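Per-entry structural report
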Amino acid sequence: SLSSIEQTSNSSFIKKLKSTGRSLVVFYGSQTGTAEEFAGRIAKEGARYKMKGMVADPEECDMADLVEMKEIQKSLAIFCIATYGEGDPTDNAMDFYEWLQNGDADLEGLNYAVFGLGNKTYEHYNEIAIYIDQRLEELGATRVHEIGLGDDDANIEDDFVSWKEKLWESVCSHYGIEETGEESNIRQYKLVDCSEVLPERIFSGEISRLKSYENQRFPFDVKNPYLSKIAVNRELHKSGDRSCMHIEFDIDGSKMRYDTGDHVAVYPKNSSELVDKIGELLNADLDAVFSLLNTDEESSKKHPFPCPCTYRTALTYYSDITSNPRTHIMKELIEYASDPKDQEKLKLMASSTPEGKKEFHEWILRDNRNIVHILEDLPSVKPDLDHLCELLPRLQCRYYSISSSPKVYPKSIHITAVLVNYTTSTNRVNKGVATNLLAQLIPTNDELPQPTIPIYIRRSQFRLPPKSQTPIIMIGPGTGLAPFRGFIQERDYARKEGREIGEMVLYFGCRKKDEDFIYENELQEYVANGTLTKLHLAFSRDQPEKKYVTHLLEQNADELWNIIGEKSGHLYVCGDTRSMAKDVHSIIVKVVMEKGQMTNSQALNYVKKMEQQKRYSADVWS
Ligand code: FAD
């Protein structure tokens, strides 16, 4: 049929390259958009080396066509690949990863280079990129430039820019080409006037389908979130000036299902205060309707976000206006600075000299400036608003560990979220986008429309043991308690149904018992009724010396070994600091060594095996 012909031609990146005279294709494995952004920057820079480039999503391509890359003269495939979670490929690179693992394509003649996006605090640092880099070579492809490893825990922008410079040097020497010096400040999208567009065709914050919040359609996922009512929103802290919210999303009638341990994704919106500020600073009409259209007609991505929409909608729902912009934005802003001083500053920060990197690090990262702060502090910089919307990364959804069990709460999803607010060195108060929005969504008893927010459920690997009798240890300080509240509810339910349940040992920690001991009453009830076998508590600030859950673990080696070693139980760690999870890991290795009479390497192996058998699971965000 015609549609299947279209499909094949669409998925053939080789045909696209050939028909448009291109020799460079940049694939991305992206979850939050950074790898995609890096890919776009490389593809664009290719023009400087007479390599016309194109960005491609491996999920939309037939990657087996890589064998045909050799038919294009002086061609190059670059892969910007993020490693996600516990060493996993991103969703859109999953099929490609499996194809590489299982296939044996002959890739001789394919020239390639890989840049990885990872985080050093994770155990499986950049594992997917490293695998792809090696596997392509094994299959006969030629590595034009050494793999670059970006570390998001330090400065990934820096890693990327440094790698990219050396990449182009390698490319020049490999192909015997020279830089043309043509600085290609060509825009990737062009502004389309939309003043005539009918109101019903204008997006107002939907993620992909027009009016999707008015006509909700099952199934709900990343591109089609469910507009959930907020049923409950209450404070969990008993005193102090910090805040932790217990929120219940109403999913009654949505047909959505979740499992204990899953995550819920929340689509936030930016504060109107910040959005208005941008309008003021740029003297722009935020209610004008516009569209951005890809100047590359071959690209499968026509618009950077749902278009047409108003600037207000773009800045509120689609653009990330609160994180620190990357250096390429500094570069693109230069032309809009009318004051030479502002121009110099932007030029410096965009350069990859040591002084430039230092300035970017201090002025943007250390002082935590977002785009609004930059426009405030460099008052002569007045970018076209449509160009700014093109440059800013997409606003991302935020994930929360679900803190309820569907057995007990099939019609609602609970989360436990800490309000993020902090003061920067320029004396500005930065407010977390999602948590400050959630804080305002308080349901009322009136007939008024209740507050809503778009959500979807993301499956996780964080699961209770298949058998309810298996004993478990849960280590969850602070909001790390969230998924364990679900675990405990689930087993309490099983016990009340008459089933036998295994031991449940919980380690919880916070600052002060009278301040941030969240869900205290619930937990004490589970202790009293026997569902929770042991509750180990560490209040770090209730005594002169700091006390954390890790200290308690060190004191309880016998109990730990009894459950994980002698009873083959499961151990779970959850929380907002990766260092805590690392400390727990070393303590457990030590316990296994001492109590299990093993050498260090035997103990490491033992714990590794526990991980493979899903007897040791971590759910950590930083
Ligand atoms: P943002 O607008 O995203 O701002 C947060 C950012 O501000 C931080 O990333 C950091 O860069 C910066 N920042 C924050 N504090 C400071 C500071 N003091 N100084 C300098 N910079 C700072 N959160 C929960 O509360 N509960 C959960 O159960 C939970 N589960 C999660 C599960 C997963 C799998 C993941 C990935 C994250 C989870 N999170 C959880 C974190 C959550 O997704 C959000 O990151 C968090 O709520 C902040 O979102 P926000 O939009 O309010 O803040």
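Everything below is about the structure shown above.
The structure displayed is predicted, hence computed values, not measured ones.

Before going further, it helps to spend a moment on the pairing of strand S21 (residues 570–575). Of all the six residues making up S21, six are buried; the element is thus mostly covered by neighbouring parts of the structure. The side-chain alternation of S21 yields two buried faces, one formed by His-570, Tyr-572 and Cys-574 and the other by Leu-571, Val-573 and Gly-575. Direction of pairing for S21 relative to strand S22 (residues 616–620): parallel, over a ladder of five bridges. Note on S22: the bridge partner recorded for Cys-574 is Asp-619.

Turning next to helix H7 (residues 272–281). Within the span of H7, buried status applies to Val-275, Ile-278, Gly-279 and Leu-281. In this structure, the buried side of H7 is in contact with helix H8 (311–318), helix H12 (371–377) and helix H13 (385–391). Looking one or two residues beyond H7, the residue adopting positive phi is Asn-283, at roughly 55 degrees.

A separate point is the packing of aromatic side chains. Counting across every chain of the model gives 25 aromatic pairs. Here the aromatic rings of Phe-487 and Tyr-572 are separated by 5.1 Å at their centres, their planes lie at 80 degrees, and the arrangement is edge-to-face. One end of the pair, Phe-487, is in helix H15 (residues 482–496); the other, Tyr-572, is in strand S21, and 85 residues separate them in sequence. The structure contains a cluster of three or more aromatic residues connected by ring pairs, namely Phe-13, Phe-27, Phe-79, Phe-96 and Trp-99. Between the NZ or CZ atom of Arg-369 and the centre of the ring of Trp-363, over which it lies, the distance is 3.9 Å. Here Arg-458 stacks its cationic end above the ring of Tyr-399, 4.0 Å away from the centre of that ring.

Bringing the site of the ligand into the picture now. Arg-398, Tyr-399, Tyr-400, Ala-434 and Thr-435 are the nearest of the 18 residues found near the ligand. Between the ligand and Tyr-399, the relevant distance is 2.6 Å, taken from an oxygen atom to a main-chain nitrogen or oxygen of the residue. One of the side-chain N or O atoms of Tyr-400 is found 2.7 Å from an oxygen atom in the ligand. Taking 990 Å² as the accessible area of the ligand by itself, protein coverage stands at 64%.

With that out of the way, let us pick up the packing of H15 against helix H17 (residues 520–529). H17 packs onto H15 with a crossing angle of 35 degrees between their chain directions and a minimal axis gap of 12 Å. The handedness of the crossing between H15 and H17 is left-handed. Contacts between H15 and H17 pair Arg-485, Ile-488, Gln-489, Asp-492, Arg-495 and Lys-496 from the former with Glu-522, Leu-523, Tyr-526 and Asn-529 from the latter. Partitioned by chemical class, the residues of the contact of H15 with H17 number three nonpolar, two polar and five charged.

Cut-offs and rules
- Residues numbered from 1 in each chain as written.
- Predicted model: local features only at pLDDT ≥ 70, side-chain atom pairs only at ≥ 80, totals over all residues.
- Heavy atoms only, no water.
- Buried < 20%, exposed > 50% of the residue type's maximum accessible area, 1.4 Å probe, protein only.
- Helix = DSSP H or I, 4+ residues; strand = E, 2+ residues; numbered from the N terminus.
- Pairing = 2+ DSSP bridges.
- Contact = heavy atoms within 4.5 Å.
- Phe/Tyr/Trp six-rings, centres within 6.5 Å; stacked < 30°, edge-to-face > 60°.
- Lys NZ or Arg CZ within 6 Å of the ring centre and 35° of its normal.
- Near = heavy atom within 4 Å.
- Polar contact = N/O pair within 3.5 Å; in protein donor to acceptor, adjacent residues only side chain to side chain.
- Areas by Shrake-Rupley, 256 points an atom, 1.4 Å probe, with all protein chains shown as cover.
- Axes fitted to C-alpha atoms, helices over the stretch in contact; angles between N-to-C directions.
- Left-handed = near helix turned anticlockwise from the far one by under 90°.
- Nonpolar A, V, L, I, M, F, W, Y, C, P; charged D, E, K, R; others polar.

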